[in-house]
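Fold and contact review
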Amino acid sequence: MSQQERLVIGLAGLGTVGGGLVEMLQKNERDILNRTGRRIWIKTIAVRNINKARTLPENCRLTDNPLELAQDPDIDVVVELMGGKDTARTLIRESLLNGKHVVTANKALLAEHGEELFALAAEHGRFLGYEASVAGAIPIVQTLRESLAGNHISSVMGILNGTGNYILSEMTSHGLDFATALTQAQAQGLAEADPTLDVDGIDAAHKLILLIRLAWGLHYPFPELSVQGIRGLRRMDIEFAREFGYRIKLLGQAKEVDGKIEAGIYPALIHYTMLIARVGGAYNAVRVEGNALGSLFLHGLGAGSRPTASAVLGDILSIARGAEINNTGYRRALLPPASILPAEDAMTPWYVRLMVKDISGVLRDIAGAMAEENVSMAQVIQKAECPEGVPIVFMTHATTGRAIHAATRKLEKEGLLLEQATCYRVFARDSGTETGSGTGPEAVPEADL
Ligand code: HSE
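Residues numbered from 1 in each chain as written. Predicted model: local features only at pLDDT ≥ 70, side-chain atom pairs only at ≥ 80, totals over all residues. Heavy atoms only, no water.

1. Some points on the environment of Ala-338
Relative to the helices and strands, Ala-338 is located in the loop between helix H12 (305–321) and strand S13 (340–341). Each C-alpha atom, one on Ala-338 and one on Glu-262, is 9.7 Å from the other, the two residues being 76 residues apart in sequence. The contacts of Ala-338, once residues within four sequence positions are left out, are Leu-218, His-219, Tyr-220 and Ile-261. (Helix = DSSP H or I, 4+ residues; strand = E, 2+ residues; numbered from the N terminus. Contact = heavy atoms within 4.5 Å.)

If you want it as structure tokens, here you go:
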């Protein structure tokens, strides 16, 4: 096989995903050759500790200097799977400057410094592949960039963090507490090195920034995104949600409202008839609405060694085949800033749980505070006293977070609440304007996208 038919890789990082890539390259060698007509050779792997015992692919050497990959004239593609922002950013920059294609799973880097790196890739006519950065094995980057390019997209929502979804799933199905479910997720190699990125919604937020860029060709500055994670989410809320006919998911959502982008990451109640409510375990899902396609729902493993390697390989094979280079899916080198609708101003139904003392007049005061903010209640449940007080739980008609939070702050100031109010957005069957009937989540009928 001639030099030209061989594609030479420099790999930075041999952790969960890097290991999966090496494994799948070997396992699928014949398929890859059949599909591309080229052999993929990993010439060098950059690792932190070169003395650690490991089995390496044939003719592969180790280095502890990732920047060596950017400087090696033999290397065609630098695959960055080391994570972190500083060295990874330098490695990608140097690689592009030296005329190499780059494939990365680094959503944090692309969410926070994507503008610079995509511009550099465009300037040098190089592929900057990032399919593995969003939702693991789900091919959402290519889908939005290419397959759905003929649509005007109105909304993208999804479960974008496998660890968070696994934790919520375990809490919902097996009654585990948050800490035990997190430990299990870590043991399965799903969680980020720093699991706060998963449970506090930051990892999902990085991915949502990339989806906004792909869906609308806009730059949404990461620090402006509204982000709430699942730390502190209580089993009690999962149970109340179930009574109303909903499941709680950590949702990433972006939609276009009158030319502005409303976006955020938050725990949300999703009606049980929606497919997204039924995404379990480490699975991710993305639901896209467009003016030609209607609704599209993609479901797959969002984390883990092989599923993420599948996405990395997809990009490597695109390069091997000489696919057209248009990394963001837009012709402009720099994408315009998004005009932002603050999440607090978006209209949606809300779930609210208040812990109060069981004294007369408390329900009247709650109803009064809500009415003052024009919040209209749709359904109310009051449960028997538990050690923390009496939970009063209600679903509202569509209103803003600003109104909900103003009302609950007022109740807090008046000393009526025994703990901070719990308030989550609600997604009903028609994308968020009505509350559900509360009937039979176990007997799930046909699904709504
Ligand atoms: N820790 C991430 C998740 C995996 O749980 O989804 C890759 O982003």
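2. As for the nonpolar core
Within the largest apolar cluster, 72 residues are counted, with the highest numbers of intra-cluster contacts made by Ile-140, Leu-144, Trp-216, Leu-269 and Tyr-351. For this core, the leading source of residues is helix H10 (residues 202–216), giving 10 residues. Leu-269 has contacts with Ala-241, Tyr-246, Arg-247, Ile-248, Tyr-351, Met-395, Tyr-424, Arg-425, Val-426 and Phe-427, leaving out every residue within four places of it along the chain. One finds Met-24, Phe-127, Ala-311 and Val-312 within the second-largest nonpolar core, a separate group that totals 30 residues. (Core = buried A, V, L, I, M, F, W, Y, C linked by side-chain atoms within 4.5 Å. Buried < 20%, exposed > 50% of the residue type's maximum accessible area, 1.4 Å probe, protein only.)

3. Digging into the packing of helix H2 (residues 29–36) against H12
Remark: H2 packs on H12, axes separated minimally by 10 Å, with the N-to-C direction vectors making an angle of 35°. Of the two possible hands of crossing, H2 and H12 adopt the one that is right-handed. Listed contacts from H12 to Ile-32, Arg-35 and Thr-36 of H2 are Leu-313, Leu-317, Ala-320 and Arg-321. Considering only residue class, the contact of H2 with H12 consists of four nonpolar, one polar and two charged. (Axes fitted to C-alpha atoms, helices over the stretch in contact; angles between N-to-C directions. Left-handed = near helix turned anticlockwise from the far one by under 90°. Nonpolar A, V, L, I, M, F, W, Y, C, P; charged D, E, K, R; others polar.)

4. Points about the site of the ligand
Close to the ligand lie Lys-107, Asn-161, Gly-162, Thr-163, Leu-190, Ala-191, Glu-192, Asp-198, Asp-203, Lys-207, Gly-302 and Ala-303. Contacts to the ligand include Asp-203, whose side-chain N or O atom sits 3.4 Å from an oxygen atom. The contact in question runs from an oxygen atom of the ligand to an N or O atom on the side chain of Lys-207, over 2.7 Å. Here the ligand, which alone exposes 250 Å², has 91% of that area covered by the protein. Of all the elements in the fold, those that place two or more residues in the shell around the ligand are helix H7 (162–174) and H10. Classifying every residue of the shell around the ligand by side-chain character gives three nonpolar, four polar and five charged. (Near = heavy atom within 4 Å. Polar contact = N/O pair within 3.5 Å; in protein donor to acceptor, adjacent residues only side chain to side chain. Areas by Shrake-Rupley, 256 points an atom, 1.4 Å probe, with all protein chains shown as cover.)

5. Some thoughts on the packing of aromatic side chains
Using the criterion set out here, one finds three aromatic pairs in the structure. Centre to centre, the rings of Phe-118 and Tyr-130 are 5.1 Å apart; their planes meet at 65°, and the pair counts as edge-to-face. Taken together, the residues span a long stretch of sequence, with Phe-118 in helix H5 (residues 107–123) and Tyr-130 in the loop between strand S6 (128–129) and helix H6 (140–147) at a distance of 12 residues. Across the pair, Tyr-130 and Phe-118 agree in class, each one buried. Relative to Tyr-351, the ring of Phe-244 lies with its centre 6.5 Å away and its plane at 85°, an arrangement referred to as edge-to-face. Within this pair, whereas Phe-244 is found in helix H11 (residues 235–244), its partner Tyr-351 is found in strand S15 (residues 350–356), the two being separated by 107 residues in sequence. Tyr-351 matches Phe-244 in its accessibility class, with the two residues each being buried. Each member of the aromatic cluster is reached from another via a ring pair, and the members are Phe-244, Tyr-351 and Tyr-424. Over the face of the ring belonging to Tyr-266 we find Arg-425, whose NZ or CZ atom lies 3.9 Å from the ring centre. (Phe/Tyr/Trp six-rings, centres within 6.5 Å; stacked < 30°, edge-to-face > 60°. Lys NZ or Arg CZ within 6 Å of the ring centre and 35° of its normal.)

6. Remarks on unusual backbone geometry
In this model, Asn-59 sits at a positive phi of 55°, which is unusual for a non-glycine residue. Among the secondary structure elements, Asn-59 is positioned in the loop between strand S2 (39–46) and strand S3 (61–63). Judged by relative accessible area, which is 59%, Asn-59 ranks as exposed. A positive phi is found at Asp-258, a non-glycine position, where the angle reads about 50°. By the element assignment, Asp-258 lies in the loop between strand S9 (246–257) and strand S10 (260–271). Residue Asp-258 is classed as exposed on the basis of its relative accessible area, which comes to 78%.

7. Regarding the sheet that holds strand S5 (residues 101–104)
The six strands are arranged S3-S2-S1-S4-S5-S6 in an open sheet whose pairing can be described as parallel. Both outer strands of the open sheet, S3 and S6, are each paired with one neighbouring strand and no more. Two strands pair when backbone bridges link them, and strand S4 (residues 77–80) and S5 are joined in this way by four bridges, in the parallel orientation. Across the sheet, Val-79 pairs through a bridge with Val-103, a residue of S5. Sheet strands touched by helix H1 (residues 16–27): strand S1 (6–12), S2 and S4. Its angle to S2, the strand with the most contacts, is close to 150°. Along the sheet face, helix H4 (residues 86–97) touches S1, S4, S5 and S6 and points at about 165° away from the line of S4. (Pairing = 2+ DSSP bridges.)

8. Comments concerning the packing of H5 against H10
Relative to each other, H5 and H10 sit at 35°, their axes nearing to 7 Å. Seen from H5, the contacting residues are Lys-107, Ala-108, Leu-110, Ala-111, Glu-112, Gly-114, Glu-115 and Phe-118; seen from H10, they are Asp-203, His-206, Lys-207, Ile-209, Leu-210 and Arg-213. Its residues assigned to classes, the contact of H5 with H10 comprises six nonpolar, two polar and six charged.

9. So, the confidence of the model for the protein chain
Chain-level statistics for the protein chain give a pLDDT mean of 92 and a share of 94% at 70 or above. Below a pLDDT of 50 lies the segment residues 431–441, which in the model reaches 32 contacts outside its immediate sequence neighbourhood of four places, other chains included. (pLDDT = per-residue confidence, 0-100.)

10. Regarding the side chain of Thr-408
Looking at the secondary structure, you find Thr-408 in helix H14 (residues 401–413). On the basis of relative accessible area, Thr-408 is assigned to the buried category, the value being 5%. One polar contact links the side chain of Thr-408 to the main-chain carbonyl oxygen of His-405, over a distance of 3.2 Å. When sequence neighbours within four positions are dropped, the list of residues in contact with Thr-408 reads Val-352, Leu-354, Met-370, Leu-417, Ala-421 and Cys-423.

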